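Here's the letter readout for the chains.
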Amino acid sequence: MRRKLIAGNWKMNGLKADAVALAKAVFEKFDSVANCPFDVLVCPPMNVLGYVADVPHTSVFVGAQDVAETTKPNGAFTGDVSAAMVKDLGATWTLVGHSERRTYHNETDAVVRQKTENAINNGLTVVICIGETLEEREAGKALEVVTRQVRESTPAIANATNCVLAYEPVWAIGTGKVPTTADVAEMHAAIRAEVAKNLGAEVAEGMRILYGGSVKPENAKELLGVENVDGALIGGASLKVESFWAIAETQL
Ligand code: 13P
């Protein structure tokens with residue numbers, strides 16, 4: 001039985017005071033749930049990652065949104081933050097390969113795979129993001145694109161404990177549009193089958209596959225009820241404790 005994961009990606013939002021206030025509110029809310037049946041993760045931007053990780057919490061994981069591509073823990077890589085540095089700040093997770101990184105920073109599957117490997121080698125648990133563009137979906141290439149991303153972005157050392165996949169159709173991110181539940185079911189089944197091909201049936205069975213893209217309190221129950229959907233990666237609605245909680249609450 002896969003434990004669901006409710007994950008918030010704060011993206012480039014959060015000055016120090018706001019981020020710490022949001023973290024306090026989220027931690028207080030989730031830490032008060034006895035025997036919570038799902039995992040919770042928040043991924044603040046790098047500027048506040050350490051401050052957020054330092055806010056006392058017991059049941060919520062804190063993650064970065066990215067790590068450097070270089071395998072070196074430090075060195076002449078201006079602007080980069082290594083997986084070792086992320087770990088040092090107190091984070092235990094990281095996202096990699098978000099479509100906004102793939103689009104605005106030209107991150108290829110090979111880059112995403114290297115970043116994932118670096119993160120895992122530094123003891124971080126990784127959420128690898130994948131998803132097709134509207135153009136690719138309209139051209140009938142969604143399954144082909146996403147299974148290729150799964151195959152080429154996931155390193156051989158990935159397993160069900162150190163790695164989670166997040167299917168985020170690019171056209172559903174921040175748009176209020178969501179795929180049909182049939183499309184989500186088809187894609188998640190294809191992703192799990194691809195993982196089985198690459199990493200074996202046992203890893204595939206245990207690996208969590210999240211859905212992301214315009215997840216809101218109104219649609220969370222339906223999306224999270226789709227077969228092979230093991231949680232949500234939430235952008236906008238994770239920036240307010242009320243909406244983040246309202247999504248999570250559908251899983252209690
Ligand atoms: P929204 O929930 O704002 O659509 O963002 C989804 C996302 O990109 C999470 O990583």
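This text goes with the structure placed above it.
Criteria and cut-off values
- Residues numbered from 1 in each chain as written.
- Predicted model: local features only at pLDDT ≥ 70, side-chain atom pairs only at ≥ 80, totals over all residues.
- Heavy atoms only, no water.
- Helix = DSSP H or I, 4+ residues; strand = E, 2+ residues; numbered from the N terminus.
- Buried < 20%, exposed > 50% of the residue type's maximum accessible area, 1.4 Å probe, protein only.
- Contact = heavy atoms within 4.5 Å.
- Near = heavy atom within 4 Å.
- Polar contact = N/O pair within 3.5 Å; in protein donor to acceptor, adjacent residues only side chain to side chain.
- Areas by Shrake-Rupley, 256 points an atom, 1.4 Å probe, with all protein chains shown as cover.
- Nonpolar A, V, L, I, M, F, W, Y, C, P; charged D, E, K, R; others polar.
- Pairing = 2+ DSSP bridges.
- Axes fitted to C-alpha atoms, helices over the stretch in contact; angles between N-to-C directions.

Here we take up the side chain of Thr-125. Summarising the element assignment, Thr-125 is placed in strand S5 (residues 125-130). The class for Thr-125 is buried, based on a relative accessible area of 14%. Excluding anything up to four places from it in sequence, Thr-125 contacts Thr-92, Trp-93, Thr-94, Thr-161, Asn-162 and Cys-163.

One non-glycine residue, Lys-11, lies in the positive phi region at around 50°. Mapped onto the elements, Lys-11 comes out in the loop between strand S1 (5-9) and helix H1 (16-31). For Lys-11, a relative accessible area of 21% corresponds to the partly exposed category. For Asn-106, which is not a glycine, the phi torsion comes out positive at approximately 50°.

In the vicinity of the ligand lie 13 residues, with Lys-11, His-98, Gly-174, Ser-214 and Gly-236 positioned nearest. Gly-174 is positioned such that a nitrogen or oxygen atom in its backbone is 2.6 Å from an oxygen atom of the ligand. Here Gly-236 contributes a backbone N or O atom positioned 2.8 Å from an oxygen atom of the ligand. Contact with the protein chains hides 97% of the accessible area of the ligand, taken as 310 Å² for the molecule alone. In terms of residue class, the shell around the ligand is made up of 4 nonpolar, 7 polar and 2 charged.

Neither face of strand S7 (residues 209-212) is open: one carries Ile-209 and Tyr-211, the other Leu-210 and Gly-212, and all of them are buried. Direction of pairing for strand S6 (residues 163-167) relative to S7: parallel, over a ladder of 3 bridges. Bridge pairing in S7 places Ala-166 opposite Leu-210. Relative to strand S8 (residues 231-234), S7 runs parallel, the two being bridged by 2 bridges. Within S8, the residue paired with Gly-212 across the bridge is Leu-233.

A word on the sheet that holds S7. Taken in spatial order, the 8 strands line up as S1-S2-S3-S4-S5-S6-S7-S8 and close into a barrel, and their pairing is parallel. Averaged over all pairs of adjacent strands, the angle between their axes in this sheet comes to 25°, without regard to strand direction. Where helix H5 (residues 109-121) meets the sheet, it contacts strand S4 (93-96) and S5, and its direction lies at approximately 165° from that of S5. Sheet strands in contact with helix H8 (residues 181-199) are S5, S6 and S7, and its direction is about 145° off that of S7.

Within the secondary structure layout, Ser-99 lies in helix H4 (residues 99-104). For Ser-99, a relative accessible area of 11% gives the class buried. Aside from chain neighbours lying at most four places away, what touches Ser-99 is Val-170 and Ile-173.

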